[in-house]
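Descriptive structure summary
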Amino acid sequence: MAGRSTEPESPKKNEKFDKFYSEVKEIEKRDSVLTSKQQIDRLLRPGASYFNLNPYEVLQLDHDTPLDEAKKKYKRLSILVHPDKNQDDLERANNAFETVNRAWRTIDNDESRKKCLEIIQEAKDMTEFMVVEKRKKLKKEGKDTKVEEDDPSVMKRSIYVQTCKLFADLERKRKDHEARELQERKRKREQEIDEEQKATVSKEWQKNFDESRESRVNSWKAFQESTKKSSKKIKIFKPPKHKAESR
């Protein structure tokens, strides 16, 4: 009966595992330095409403992070900023907690996650196109085609900035659309109210008209009767007959 192989793992495989383990520990170390207060400060910092439009930014995730790993990170972060854990800063903790939950709902939903990933990819494409255009311009001017985005950290930052802009633009369009819809609903409601008021006035007028019909008919009959009686009392004046003079 064949048993499990007892051959030692290859050095290459061990190196991969060591690298992976080191990266995991580095991530854990990086996250651990942010206390509950620091996470709340990060999520509510000046301009947070702008940065927090990107759910991956809120949860401090790379856009290609597997969903199960993203969920683990969400749970850790939600515990850190949970209001129960931050009773001395309850209002800000509530805001931070809601921001984290909203970010997770966006990523957890297939449709909204797909939209976010499209925005991130578009930002990357736009940034790379901008770099190509910068190189073309430098080359045309006879200059060195080296650009600052050749530095990976600068390139990453440029993509990040462009991503924020695209998310902000999407949010602006959403708000504009929402405002237009609200205005249209308001206009329709005002029109409905106006039509309802006109219908009420018309109905009330018809009701009063119908109720006063009998009175009007009786008044007319009484008028006619009085006219007949008056005509009987009037005597027609007959001039005297003319007599011829006798001679």
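Throughout, a residue's number is its position along its own chain's written sequence, starting from 1. Reporting in this predicted model follows two pLDDT cut-offs: at least 70 for local features of residues, and 80 or more for side-chain atom pairs to be given and counted; totals over whole chains, interfaces and linings ignore these cut-offs and use all residues. Processing note: side-chain calculations cover all non-hydrogen atoms of the structure and skip hydrogens and water entirely.

In terms of helices and strands, the protein carries 9 helices and 0 strands. Written out in order from the N terminus, the α and β elements of the protein read α-α-α-α-α-α-α-α-α. Working definition: helices are DSSP H or I runs of at least four residues, strands are E runs of at least two. Numbering for both runs from the N terminus.

The next subject is the nonpolar core. Nonpolar cores were defined as sets of buried Ala, Val, Leu, Ile, Met, Phe, Trp, Tyr and Cys residues, with membership established by side-chain atoms within 4.5 Å. Whether a residue is buried, partly exposed or exposed follows from its accessible area with a 1.4 Å probe, protein chains only, as a fraction of its type maximum: under 20%, in between, or over 50%, in that order. Leu-59, Val-81 and Val-100 are the most contacted members of the largest nonpolar core, which totals 23 residues. Of all the secondary-structure elements, those providing two or more residues to this core are α2 (36-43), α4 (55-58), α5 (67-81), α6 (90-108), α7 (110-140) and α8 (152-211). In terms of residue count, α6 provides more of this core than any other element does, 7 residues in total. With sequence-adjacent residues up to four places away left out, Leu-59 is seen in contact with Lys-73, Tyr-74, Leu-77, Val-100, Ala-103, Trp-104 and Ile-107. Val-131, Leu-138, Val-147 and Met-155 belong to the second largest nonpolar core, which has 5 residues in total. Residue contacts follow a heavy-atom distance rule, with two residues in contact if any of their heavy atoms lie within 4.5 Å.

With that settled, consider α7. Between the first and last C-alpha of α7 there are 45 Å, a value that for 31 residues agrees with the 45 Å anticipated at 1.5 Å per step. Those residues of α7 lying buried are Arg-113, Cys-116, Ile-119, Ile-120, Ala-123, Thr-127, Val-131 and Leu-138. Those residues of α7 hidden inside the fold are in contact with α4, α5, α6 and α8. Nitrogen and oxygen atoms within 3.5 Å of one another constitute a polar contact, given that in protein one can donate a hydrogen and the other can accept it, and given that sequence-neighbouring residues count only through two side-chain atoms. By the N-cap criterion, in which a side-chain oxygen at the helix start approaches the backbone nitrogen of a residue two or three places on, α7 is capped by Asn-109, the distance to Glu-111 being 3.0 Å. Looking one or two places after α7, you find Gly-142, whose phi comes out positive at around 75°. A helix's residues, less one, multiplied by 1.5 Å, set its expected span.

This next bit is on α5. Taking 1.5 Å per residue as the helical rise, α5 with its 15 residues ought to reach 21 Å, and the 21 Å between its terminal C-alpha atoms agrees with that figure. Those residues of α5 not exposed but buried are Ala-70, Lys-73, Tyr-74, Leu-77, Ser-78 and Val-81. Looking straight down α5, one finds its buried side chains confined to an arc of 135°; they lie on one side. The directions considered for the arc run from the helix axis to the C-beta atoms.

For the rest of this paragraph, the subject is a negative patch on the surface. The grouping of Glu-118, Glu-122, Asp-125 and Glu-128 at the surface amounts to a negative patch. Within the secondary structure, Glu-128 is located in helix α7. Look at Glu-128 and you get partly exposed, because its relative accessible area is 35%. Patch membership requires more than 30% relative accessible area and the absence of a salt bridge. Residues of like charge join within 9 Å; the nonpolar side chains Val, Leu, Ile, Met, Phe, Trp and Tyr join within 5 Å. A 1.4 Å probe and the Shrake-Rupley method give the accessible areas. Residues count as covered only by the protein chains that appear here. Each reported salt bridge corresponds to a side-chain nitrogen of Lys or Arg within 4 Å of a carboxyl oxygen of Asp or Glu. In summary, the charge assignment counts Lys and Arg as positive and Asp and Glu as negative, without counting His or the chain termini. Lys charges are placed at NZ, Arg charges at CZ, Asp charges at CG and Glu charges at CD.

So, on to unusual backbone geometry. For Gln-60, which is not glycine, the phi torsion reads 55° and is therefore positive. Relative to the helices and strands, Gln-60 resides in the loop between α4 and α5. With relative accessibility at 25%, the residue Gln-60 sits in the partly exposed group.

It is worth spelling out the confidence of the model for the protein at this point. Fine structural detail should not be taken from predicted coordinates in areas where pLDDT scores are low. Along the chain, pLDDT gives the predictor's confidence residue by residue, from 0 to 100. Averaged over every residue, the pLDDT of the protein is 81; the share at 70 or more is 79%. Per-element mean pLDDT across the protein ranges from 50 in helix α1 (residues 11-32) up to 95 in α6. The model gives residues 1-9 a pLDDT under 50, and that stretch makes 1 contact with residues more than four places away or in other chains.

Right, let's get into the packing of α6 against α7. Helix packing geometry: the angle between the two helix axes and the distance between the axes. All axes are obtained by fitting lines to C-alpha atoms, using only the stretch in contact for helices, and the reported angles, taken between N-to-C directions, cover 0 to 180 degrees. At a minimum axis distance of 5 Å, the contact between α6 and α7 shows a crossing angle of 95°. Taken together, the axis directions place α6 and α7 in an arrangement best described as roughly perpendicular. Residue-level inspection shows Arg-105, Thr-106, Ile-107 and Asp-108 of α6 in contact with α7, the latter providing Asp-110, Ser-112, Arg-113 and Cys-116. Residue classes follow a fixed rule: Ala, Val, Leu, Ile, Met, Phe, Trp, Tyr, Cys and Pro count as nonpolar, while Asp, Glu, Lys and Arg count as charged, and any other residue, Gly among them, counts as polar. Of the residues contributing to the contact of α6 with α7, the split by class is 2 nonpolar, 2 polar and 4 charged. Each angle receives one of four descriptions, namely roughly parallel if under 35 degrees, roughly antiparallel if over 145, roughly perpendicular if within 65 to 115, and oblique otherwise.

This paragraph deals with the packing of α7 against α8. Between α7 and α8, the shortest axis-to-axis distance is 8 Å and the interhelical angle comes to 130°. On the basis of the axis angle, α7 is oblique to α8. As for how α7 packs across α8, the hand of that crossing is right-handed. Facing α7, whose interface residues are Lys-115, Cys-116, Ile-119, Ile-120, Glu-122, Ala-123, Lys-124, Met-126, Thr-127, Glu-128 and Val-131, α8 presents Met-155, Ser-158, Ile-159, Gln-162, Thr-163, Leu-166, Phe-167 and Leu-170. For the contact of α7 with α8, the residue count by class is 11 nonpolar, 4 polar and 4 charged. Here is the rule for handedness: rotate from the far helix to the near one, and if that takes an anticlockwise turn smaller than a right angle the crossing is left-handed, while a clockwise turn gives right-handed.

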